Amino acid sequence: MQLSVSSMTAAASPLTIPSCPQHSLHRRHRQIAFEFGCIGGRNNCGVARRGRVVAVVEAVSDSGWSSGNNFGADFEVPFPTDYTELLEQAKEATESALKDEKQLMEIEFPTSGLGSVPGDGEGGTEMTGSMQLIREFCDRFVTPEKVTRTRIFFPEASEVKVARKSAFEGVSFKLDYLTKPSFFQDFGFFTEVRMSDRVKPEDELFLVAYPHFNVDEMLVVEELYKEAVANTGRKLIIFNGELDRIRSGYYPPFFYPKLAALSQNLFPKMETVYYIHNFKGQNGGTLFRCYPGPWKVLRKFGNKRTCIHQQDTMPSLKEVALNILPSS
């Protein structure tokens, strides 16, 4: 096992969150020009990351996946101050989950701003932001020797073309797709793509990018898990899949029985390793989780988010909006 020690410093004081009280659109218009602003690790705005002196011991295991500093139960993970810090937290959370032998994982957070909610940004812009952030997450998480063994699935074949001309230009990651639009795509018909035909024997990690525009996309993700991940050593990460739509019953089970069944058949096998969901309005707040820590409900007071509730299991968005936030 190869060890490396790195340190990160910042001038500002640590951002701390007090301990919580215990309580039981149409697919993107195919733009060629992109503006990524200052999201992710390559910050073009010259804004220094706020933080503290941290000593990180990284170990590269025999499998080749980086295994960094583990957020233990007594480690207070602050709400990120920018996307650079968010990606570092998501990386550490995913590494901790791999160490605990988690195989199916979810990462979910807003891309139109850390305080934004779904719908704040135009659909194509949000997907563009997700694409860039996925690239920067992979740059942090995937070690060089594992790049060619990592397959990234985009929703459809045309999205792969966009990725190759922008965020993923010139990379060695394997770029693939879940669905292939047919001549009748405007009527909801897509050409079936068998996952067993897409996967190669050397593949070790699958990352699925924002599979939420078409209802068939998550069904293909389930097929991918069953055919290529379950009962193997492979790992699968769903990145910004907006799975809360399925959890909350947004798709009526009567009309979408297979999609609704994911809540019973697939989601119980999945670990949500990193999650941010914001609630706006008079009783606004944030549901936040960084594995292996608890689920926290945060409320913003001035420029600081304070934890008002925490629990071990994920609460429903309805419970947070109607019960937890109003009662705090």
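One can find the structure itself at the top, above this paragraph.
Scope of this entry: the structure provided in the associated data block.

Parameters and conventions
- Residues numbered from 1 in each chain as written.
- Predicted model: local features only at pLDDT ≥ 70, side-chain atom pairs only at ≥ 80, totals over all residues.
- Heavy atoms only, no water.
- Helix = DSSP H or I, 4+ residues; strand = E, 2+ residues; numbered from the N terminus.
- Buried < 20%, exposed > 50% of the residue type's maximum accessible area, 1.4 Å probe, protein only.
- Areas by Shrake-Rupley, 256 points an atom, 1.4 Å probe, with all protein chains shown as cover.
- Pairing = 2+ DSSP bridges.
- Salt bridge = Lys/Arg side-chain N within 4 Å of Asp/Glu carboxyl O.
- Core = buried A, V, L, I, M, F, W, Y, C linked by side-chain atoms within 4.5 Å.
- Contact = heavy atoms within 4.5 Å.
- Polar contact = N/O pair within 3.5 Å; in protein donor to acceptor, adjacent residues only side chain to side chain.
- Phe/Tyr/Trp six-rings, centres within 6.5 Å; stacked < 30°, edge-to-face > 60°.

1. Focus: the overall build of the chain
Thought 1: A count of helical and extended segments in the chain gives eight helices and 13 strands.
Thought 2: Every one of the 328 residues in the chain was classed for burial, and the buried ones make up 52%.
Thought 3: Taken as a whole, the chain presents about 16200 Å² of accessible surface, with 52% of it coming from carbon and sulfur.

2. Remarks on the pairing of strand E11 (residues 285-290)
Thought 1: Among the six residues of E11, six are classified as buried, and the element is accordingly described as predominantly covered.
Thought 2: Taking every second residue as pointing to the same face, both faces of E11 are buried, with Gly-285, Leu-287 and Arg-289 on one and Thr-286, Phe-288 and Cys-290 on the other.
Thought 3: Sheet analysis places strand E10 (residues 270-279) next to E11, joined by six bridges and oriented antiparallel. The residue bridging Asn-278 from the neighbouring strand is Thr-286, located in E11.

3. Comments concerning the pattern of salt bridges
Thought 1: Following the criterion strictly, the structure yields 19 salt bridges and no others.
Thought 2: Among the ionic pairs, Glu-76 bridges to Lys-296, the shortest N-O distance being 2.9 Å. Of this pair, Glu-76 sits in the loop between strand E3 (66-67) and helix H1 (83-99) while Lys-296 sits in strand E12 (residues 295-301), placing them 220 residues apart in sequence.
Thought 3: In this structure Glu-76 comes out as partly exposed when scored by relative accessible area, which is 36%.
Thought 4: Since its relative accessible area comes to 8%, Lys-296 is described here as buried.
Thought 5: Arg-245 is the partner of Glu-242 in a salt bridge, and the nearest nitrogen-oxygen pair spans 2.9 Å.
Thought 6: Classification of Glu-242 as buried rests on a relative accessible area of 17%.

4. Examining the nonpolar core
Thought 1: Membership of the largest hydrophobic core comes to 47 residues, with the highest contact counts inside it found for Phe-109, Phe-137, Phe-154, Phe-168 and Tyr-274.
Thought 2: Once residues within four sequence positions are removed from consideration, Phe-109 is found in contact with Tyr-83, Leu-86, Leu-133, Phe-239, Asn-240, Tyr-274 and Ile-276.
Thought 3: Membership of the second largest hydrophobic core comes to 24 residues, among which are Val-221, Ala-228, Leu-236 and Leu-243.

5. Some points on the pairing of strand E13 (residues 304-311)
Thought 1: Among the eight residues that make up E13, seven are buried, leaving the element largely enclosed by the rest of the structure.
Thought 2: Relative to E13, E12 runs antiparallel, the two being bridged by seven bridges. Residue pairing in the sheet places Trp-295 in a bridge with Gln-311 of E13.
Thought 3: Two successive antiparallel strands, E12 and E13, enclose a turn made up of two residues, where Gly-302 displays a positive phi of approximately 70°.

6. Points about the side chain of Glu-217
Thought 1: With respect to the helices, strands and loops of the structure, Glu-217 is situated in helix H5 (residues 215-229).
Thought 2: A distance of 3.1 Å separates a polar side-chain atom of Glu-217 from the backbone nitrogen of His-212.
Thought 3: Among the polar contacts made by the side chain of Glu-217, one reaches the main-chain amide nitrogen of Phe-213 at a distance of 3.3 Å.

7. Thoughts on the packing of aromatic side chains
Thought 1: This model, assessed by the stated rule, comprises 14 aromatic pairs.
Thought 2: Plain terms: the ring middles of Phe-254 and Phe-255 are 5.2 Å apart, the flat faces sit at 90° to each other, and that makes the pair edge-to-face. Here Phe-254 and Phe-255 have matching classes, each one exposed.
Thought 3: Considering the side-chain rings of Tyr-274 and Phe-288, the 5.8 Å spacing of their centres and the 85° angle between planes classify their relative orientation as edge-to-face.

8. Examining unusual backbone geometry
Thought 1: Cis geometry is found at the peptide bond from Tyr-291 to Pro-292, where omega equals 5°.
Thought 2: Tracing the chain through its elements places Pro-292 in the loop between E11 and E12.
Thought 3: The phi angle at Tyr-210 is positive, at roughly 30°, despite the residue not being glycine.

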